[in-house]
Amino acid sequence: MRFSELHRNLKLRIGVGFFQRFFDIMLVPLMVIHFSRLYGAATAGLMTLVVAVATVGCNLVGGHLSDVYGRRRVLMAGEIGVFLSYVGLALVNSPLVQSGPATYALYLSAACMAALALPANEAMIVDVSTPESRTAVYTINYWVINVAFMLGSLVGGFFYGGYFFHLLTAAAIATGGIFVVTFLALTETAPPEAARNPRGVRPALRGYLAVTRDRVFLRLVLAALLVWSVEVQISSYLAVRLGSDFPEQQLLSLGSWQVTVDGVNVLGILRATNTLLVVACGLWVGKLLGRLDDRLRLVAGVVIFTAGYMAWALGDNAWLMIAAAVVVTLGS
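Scoring rules and cut-offs
Residues numbered from 1 in each chain as written. Predicted model: local features only at pLDDT ≥ 70, side-chain atom pairs only at ≥ 80, totals over all residues. Heavy atoms only, no water. Phe/Tyr/Trp six-rings, centres within 6.5 Å; stacked < 30°, edge-to-face > 60°. Helix = DSSP H or I, 4+ residues; strand = E, 2+ residues; numbered from the N terminus. Buried < 20%, exposed > 50% of the residue type's maximum accessible area, 1.4 Å probe, protein only. Core = buried A, V, L, I, M, F, W, Y, C linked by side-chain atoms within 4.5 Å. Contact = heavy atoms within 4.5 Å. Polar contact = N/O pair within 3.5 Å; in protein donor to acceptor, adjacent residues only side chain to side chain. 1 Å grid on protein atoms, 1.4 Å probe; cavity = no way out; pocket = protein on both sides within 12 Å on 5 of 7 lines; lining within 4 Å. Points joined across faces, edges and corners; volume = space filled by probe spheres on them. Nonpolar A, V, L, I, M, F, W, Y, C, P; charged D, E, K, R; others polar. pLDDT = per-residue confidence, 0-100.

Draft legend 1. Looking closely at the packing of aromatic side chains. Scanning the entire structure with this criterion turns up six aromatic pairs. On the numbers, 6.3 Å between centres and 25° between planes, the contact of Phe18 with Phe22 is stacked. Residue Phe18 and its partner Phe22 are both found in helix α1 (residues 8-39); the two are separated by four residues, about one turn of the helix. This pair shows no difference in class: Phe18 is buried, exactly as Phe22 is. Aromatic pair Phe22 and Phe23: ring centres 5.1 Å apart, planes at 85°, arrangement edge-to-face. One aromatic cluster is present, formed by Phe18, Phe19, Phe22 and Phe23 through successive ring pairs.

Draft legend 2. Focus on the nonpolar core. In terms of nonpolar packing, the biggest core is built from 51 residues, with Leu27, Tyr86, Leu242, Val266, Leu270, Trp312 and Met321 touching the most fellow members. It is α1 that contributes the most residues to this core, 10 residues altogether. Once you skip the residues sitting within four places of it in the chain, Leu270 turns out to touch Leu238, Leu242, Trp312, Met321, Ile322 and Ala325.

Draft legend 3. Representation of the side chain of Thr182. Looking at the secondary structure, you find Thr182 in helix α5 (residues 131-185). A residue is classified by how much of its surface remains accessible, and Thr182, at 1% relative accessible area, is buried. A distance of 2.5 Å separates a polar atom in the side chain of Thr182 from a polar atom in the side chain of Glu79. Residue contacts for Thr182: discarding those within four places in its chain leaves Arg13, Arg72, Leu75, Met76 and Glu79.

Draft legend 4. View of empty space enclosed by the protein. On inspection of all chains with the given rule, the structure shows three cavities of 30 Å³ or more. Secondary-structure elements contributing two or more residues to the lining of the largest cavity are α1, α5 and α8 (263-289). For the lining of the largest cavity, a count of residues per class yields six nonpolar, five polar and one charged. Counted as a void, the second largest cavity has a volume near 50 Å³. Looking at the second largest cavity, the residues that line it are Arg13, Ile14, Gly17, Gln20, Arg21, Asn121, Ile125 and Asn141. Elements that contribute at least two residues to the lining of the second largest cavity include exactly α1 and α4 (100-127). Take the lining of the second largest cavity: its biggest share by element is five residues, from α1. Here the residues of the lining of the second largest cavity are counted per class, giving two nonpolar, four polar and two charged.

Draft legend 5. Summary view of the confidence of the model for the protein chain. Chain-level statistics for the protein chain give a pLDDT mean of 78 and a share of 83% at 70 or above. Ranking the helices and strands of the protein chain by mean pLDDT puts helix α3 (residues 71-91) first, with 91, and helix α6 (residues 201-211) last, with 65.

Draft legend 6. The environment of Ala325, seen in detail. Residue position: Ala325 is located in helix α10 (residues 318-331). A relative accessible area of 0% means that Ala325 is categorised as buried. Put simply, Ala325 and Leu277 are 48 residues apart on the chain and 9.2 Å apart in space, counted from C-alpha to C-alpha. Non-local contacts of Ala325, meaning those with residues more than four positions away in its chain, are made with Leu270, Thr273, Asn274, Leu277 and Trp312.

Draft legend 7. Structural context of the environment of Gly62. Relative to the helices and strands, Gly62 resides in helix α2 (residues 41-69). Separated by 55 residues in sequence, Gly62 and Ala117 have C-alpha atoms that sit 6.1 Å apart. Gly62 has contacts with Val74, Leu116 and Pro119, leaving out every residue within four places of it along the chain.

Here you go:
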């Protein structure tokens, strides 16, 4: 299936999703570094944990609201909330005003509003796609998201030092544009029977409790949660370590042209390298290793993955860290 053949809403959501993921991956590691410099690593870790727990709760609420009130309304509510939060973030990190507590409150607000809208976005993709076209739709979306991750990682890594306010301002402008596109061009896709879903807290809880009776689903959710928790915590630790302890060093030297990087620059390079390798080698590696026993692949992947993260946790050489990124990607 070609991109031009997709439903109009799908084209809009995939395009919008590119900018959302771009600014998300650009800013999230930077916010962790920013809070660690303001309040210390331990406090920043607790602050990040609160954000993570809050976004999970908002995801659950957003899923119920999108079934009751429709996808478009929830998307608009979430996106206007994200826009206003980023406007506030830019203002409290401007040359005129600097406020750590306000920055955290607004960052928490932006994360929660984005999480509130996410289930409606995913539901809309399901609404306007067919079982036959869904694989192609998610494949296109996967590639777009990974390109956004790669570019966002590089931009955030190399412009954080002197342009933090400008990055936040760009995010505010982009999220404002996203809301305008949603308001003017997006149509409702929720099935008519969704409007008859009961409202309130009790119906929502009953729906989620019914899902928890599926043991296979619960095991998958638990496994995904454990993997996600490890990746998020290690990524947050890595951002703090590179932002505070990594020595500035020369990465490339060609005659009089030299590239010098600090820890934040290296973080952007690592995330971009990881994403680029996933996009470029994902299908090829899958076919190459497809004949191996699944258990052997899993154990080998965990060992390789762990070795790469050990190098990330302890290394202080830029090229060693990049090589470890290749190892981590192959292991995962």
